[in-house]
Amino acid sequence: VLDQLALPHETKYCEVKNVEDAWDAIRSMRIRGAPLIAIVAVLGLAVDLTSNDKTISELNAAPDAKQFIYGKMEYLKTSRPTAVNLFNAIQELMDIVDK
């Protein structure tokens, strides 16, 4: 994702490989704007759950996969506790996981 702290002097991108990267990008304000915060959080979760070997291994070993995923979502919410769009996006994902 585009590192907004580097603008306008530099075009720099930061990788989002997992929820920790997403959390850090949001918390450090390298990405800004309500919709983008939600998108980066969801992107981080999706990439983490599908591409991160450590997370996939932990998920497969977890006694309750839903709670494991919820834990990652709750962690992402702590990156910007006042971000309404972030909370709404996480709630939408929780509703999908519940189905």
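Note that the structure is predicted; figures quoted are calculated from it, not measured. (Residues numbered from 1 in each chain as written. Predicted model: local features only at pLDDT ≥ 70, side-chain atom pairs only at ≥ 80, totals over all residues. Heavy atoms only, no water.)

A. Summary view of the overall build of the chain. Of the regular secondary structure elements, the chain holds 5 helices and 0 strands. Shown N-terminal to C-terminal, the secondary structure of the chain runs as helices and strands in the order α-α-α-α-α. Taking 13 Å as the expected radius of gyration for a compact globule of 99 residues, we find that the chain reaches 14 Å, a close match to that expectation. With the C-alpha coordinates of the chain rotated into their principal frame, the extents come out at 50 × 30 × 15 Å. Buried positions account for 36% of the 99 residues belonging to the chain. Excluding contacts between residues fewer than 6 apart, the proportion of contacts in the chain whose partners are at least 24 apart in sequence is 57%. The centroid of the 11 positive side-chain charges in the chain is displaced by 4 Å from the centroid of its 14 negative side-chain charges. (Helix = DSSP H or I, 4+ residues; strand = E, 2+ residues; numbered from the N terminus. Rg over C-alpha atoms; globule rule 2.2 N^0.38 Å. Buried < 20%, exposed > 50% of the residue type's maximum accessible area, 1.4 Å probe, protein only. Contact = heavy atoms within 4.5 Å. Lys, Arg positive; Asp, Glu negative; His and termini not counted. Charge placed at Lys NZ, Arg CZ, Asp CG, Glu CD.)

B. Spotlight on the packing of helix α4 (residues 65-77) against helix α5 (residues 84-98). For the pair α4 and α5, interaxial distance at closest approach is 10 Å and the crossing angle is 175 degrees. By the angle between their directions, the pair α4 and α5 is classed as roughly antiparallel. Residue-level inspection shows K66, I69, Y70, M73, E74, L76 and K77 of α4 in contact with α5, the latter providing L86, F87, I90, L93, M94, V97 and D98. Partitioning the contact of α4 with α5 into residue classes produces 10 nonpolar, no polar and 4 charged. (Axes fitted to C-alpha atoms, helices over the stretch in contact; angles between N-to-C directions. Parallel < 35°, antiparallel > 145°, perpendicular 65-115°, else oblique. Nonpolar A, V, L, I, M, F, W, Y, C, P; charged D, E, K, R; others polar.)

C. Molecular detail of the side chain of K72. By the element assignment, K72 lies in helix α4. The exposure class assigned to K72 is buried, which follows from its relative accessible area of 11%. Separated by 3.0 Å, the side chains of K72 and D48 make a polar contact. In contact with K72, other than residues within four places in its own chain, are V19, E20, L45, D48 and T55. (Polar contact = N/O pair within 3.5 Å; in protein donor to acceptor, adjacent residues only side chain to side chain.)

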